[in-house]
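What follows is the residue order along each chain.
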Amino acid sequence: MHVTPFAWIVTIIVIIALLAFDYFFHVRHAHIPTLREAAIWSSIYVGLALLFGVAVLIFGGVDMGSEYFAGYVTEKALSVDNLFVFLIIMSSFRVPREDQQKVLLFGIVFSIFARTAFIFLGAALINSFAWVFYFFGLILLITAGNMLRPETEDSHSADNFIIRIAKKFMHTTEHYDGDKLFTIENGKRAMTPMLLVMVAIGGTDILFALDSIPAIFGLTQNVFVVFTATVFSLMGLRQLYFLLDGLLDRLIYLSYGLSAILAFIGVKLILHALHENNLPFVNDGEPVNVIEISTFASLAVIIGILVITVVASLTSKKGRAQSAIAGARRHAINYLDLDYTADLAERERMYDKLRGEEEQLKKLDPKFKKMVREETALMDLIKRAHQEHDAFLKQN
């Protein structure tokens, strides 16, 4: 269906207004969102995305509406996986908790610009070269295979090539100066880690786009649907980060679910490429009579895989053990890092979480205790956190 310029203009104005509202009313003044605040605003952004989908369904028809919802669900699932990497980057740069919102909003805005460019580039290639469907399908199949490989925090190290170049040519401070990108140190202008973390987030966003854009083009070639489903999946990602903090460790099977989804869409793209084939070395340049997977079937498969993945993760004893171990390590490190946050309520929240996770570690089944790598180091971290907390109570 053809989308009028008026619809494009209204949509873009709404998106800009939402981003501006997010900045001026939530991010401009540094603070740590409460769980309630994160839950309410996450629900609002999801609700807005669903309402927009209903509008697409009404004005664009059933096919266009189902394409939007399939694209939105897929991109939202991929964006949750991206939060794992954001968490690692934030930890690597020791970003103060109250300033993490601004970094995330920058990442979202940068991602919208980057993915918009990829969307129009992808649309131009598809319109000019039918073989691009083969290429996109192959990318998704390779990505699906790569997601099955075990990853460590080093896999997403923030100390990448761009960061090393930036540090080499510009004087960089070791400490943050609020949310400033540059500061004055010893009378000289210096770059703060805040700018470096934004560069790291922006770089990873570009890599994410290389996976997500082919995925949604596998569900629809309508540029308006691709654009809006992608953007609305990113809106509210900042609130979702704080809402899912801690729960991310529980989703131990998410990578398997996303791998299955990307492989499914990759196969769908290749089937579509065969159906539209014009490559001379494939069936003499003639279309191949193969089955094509409908958008409704795609939506059902995607939702089904996600439901199975989430339920399996949340009910897994291994998932609960992994969550307790990772959470205890993270909260102990953050509590001991005095630069992490100046908010006393946040430090108390971290300590309470650490105590709860410590109790869970004591109750672990012996076979899961083997999951604790460098157990002595972890126990030492927890002990030091207790000592720091006791010292803090004595001073106050």
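What you are looking at is a predicted structure, and each value in this text was computed from that prediction instead of being measured. (Residues numbered from 1 in each chain as written. Predicted model: local features only at pLDDT ≥ 70, side-chain atom pairs only at ≥ 80, totals over all residues. Heavy atoms only, no water.)

Caption draft 1: Focus on the overall build of the protein. From N to C terminus, the protein includes 15 helices and two strands. Against the 2.2 N^0.38 benchmark of 21 Å for 396 residues, the protein shows a C-alpha radius of gyration of 23 Å, consistent with a compact globule. The principal-axis extents of the C-alpha atoms in the protein amount to approximately 80 × 55 × 40 Å. Per-residue burial for the protein yields a buried fraction of 49% across its 396 residues. For the protein, contacts bridging at least 24 residues in sequence account for 78% of all contacts bridging at least 6. Split by element, the accessible area of the protein, about 20,000 Å² in all, is 64% carbon and sulfur. Put simply, the protein has 35 plus and 39 minus side-chain charges, and the middle of one group is 6 Å from the middle of the other. (Helix = DSSP H or I, 4+ residues; strand = E, 2+ residues; numbered from the N terminus. Rg over C-alpha atoms; globule rule 2.2 N^0.38 Å. Buried < 20%, exposed > 50% of the residue type's maximum accessible area, 1.4 Å probe, protein only. Contact = heavy atoms within 4.5 Å. Areas by Shrake-Rupley, 256 points an atom, 1.4 Å probe, with all protein chains shown as cover. Lys, Arg positive; Asp, Glu negative; His and termini not counted. Charge placed at Lys NZ, Arg CZ, Asp CG, Glu CD.)

Caption draft 2: Looking closely at the pairing of strand β1 (residues 182-185). With four bridges connecting them, β1 and strand β2 (residues 188-191) associate as antiparallel partners. Note on β2: the bridge partner recorded for E185 is K188. Count of turn residues in the β1/β2 antiparallel hairpin: two residues, of which N186 carries a positive phi of about 55°. (Pairing = 2+ DSSP bridges.)

Caption draft 3: Just helix α8 (residues 223-234), in detail. With twelve residues, α8 ought to run about 16 Å at 1.5 Å a step, and its terminal C-alpha atoms sit 17 Å apart, in line with that. For α8, the buried fraction is high: twelve of the twelve residues fall into the buried class. Where α8 is buried, its residues touch α1 (5-27), α2 (35-60), α3 (62-92), α4 (100-128), α7 (193-217) and α9 (237-243). With a side-chain oxygen lying 3.0 Å from the backbone nitrogen of F224, the N-terminal cap of α8 falls on N222. Of the residues flanking the end of α8, it is G236, one or two places downstream, whose phi is positive at about 85°. (Expected span 1.5 Å × (residues − 1). Polar contact = N/O pair within 3.5 Å; in protein donor to acceptor, adjacent residues only side chain to side chain.)

Caption draft 4: Representation of the side chain of S233. Structurally, S233 can be placed in helix α8. If we ignore the near neighbours within four places in the chain, the residues touching S233 are Y72, E75, K76 and S79.

Caption draft 5: Representation of the packing of aromatic side chains within the structure. Applying the stated criterion to the full structure yields 17 aromatic pairs. Look at W8 and F227: their rings are 5.6 Å apart centre to centre, the planes differ by 40°, and that puts the pair in the tilted class. Highlighted residues: W8 in helix α1 and F227 in helix α8, separated in sequence by 219 residues. As far as burial versus exposure is concerned, W8 and F227 are alike and both buried. Three or more aromatic residues link up through ring pairs in this structure, and these residues are W8, F52, Y68, F69, Y72, F120, F224, F227 and F232. Lying over the aromatic face of F182, R189 brings its terminal NZ or CZ to 4.5 Å of the ring centre. (Phe/Tyr/Trp six-rings, centres within 6.5 Å; stacked < 30°, edge-to-face > 60°. Lys NZ or Arg CZ within 6 Å of the ring centre and 35° of its normal.)

Caption draft 6: Local environment of the packing of α4 against helix α5 (residues 132-147). Packing of α4 against α5 brings their axes to within 8 Å, and their N-to-C directions diverge by 130°. Taken together, the axis directions place α4 and α5 in an arrangement best described as oblique. Where α4 approaches α5, its residues G122, L125 and I126 are matched on the opposing element by V132, F133 and F136. For the contact of α4 with α5, a count of residues per class yields five nonpolar, one polar and no charged. (Axes fitted to C-alpha atoms, helices over the stretch in contact; angles between N-to-C directions. Parallel < 35°, antiparallel > 145°, perpendicular 65-115°, else oblique. Nonpolar A, V, L, I, M, F, W, Y, C, P; charged D, E, K, R; others polar.)

Caption draft 7: Molecular detail of a nonpolar patch on the surface. A grouping of V54, L57, I58, F59, V62 and F296 is seen on the molecular surface, where their side chains present a nonpolar patch of about 610 Å² in accessible area. Tallying contributions element by element places α2 first for the nonpolar patch, with four residues. Mapped onto the elements of the fold, I58 is located in helix α2. For I58, a relative accessible area of 61% gives the class exposed. (Patch = residues over 30% accessible without salt bridge, like charges linked within 9 Å, V, L, I, M, F, W, Y side chains within 5 Å. Salt bridge = Lys/Arg side-chain N within 4 Å of Asp/Glu carboxyl O.)

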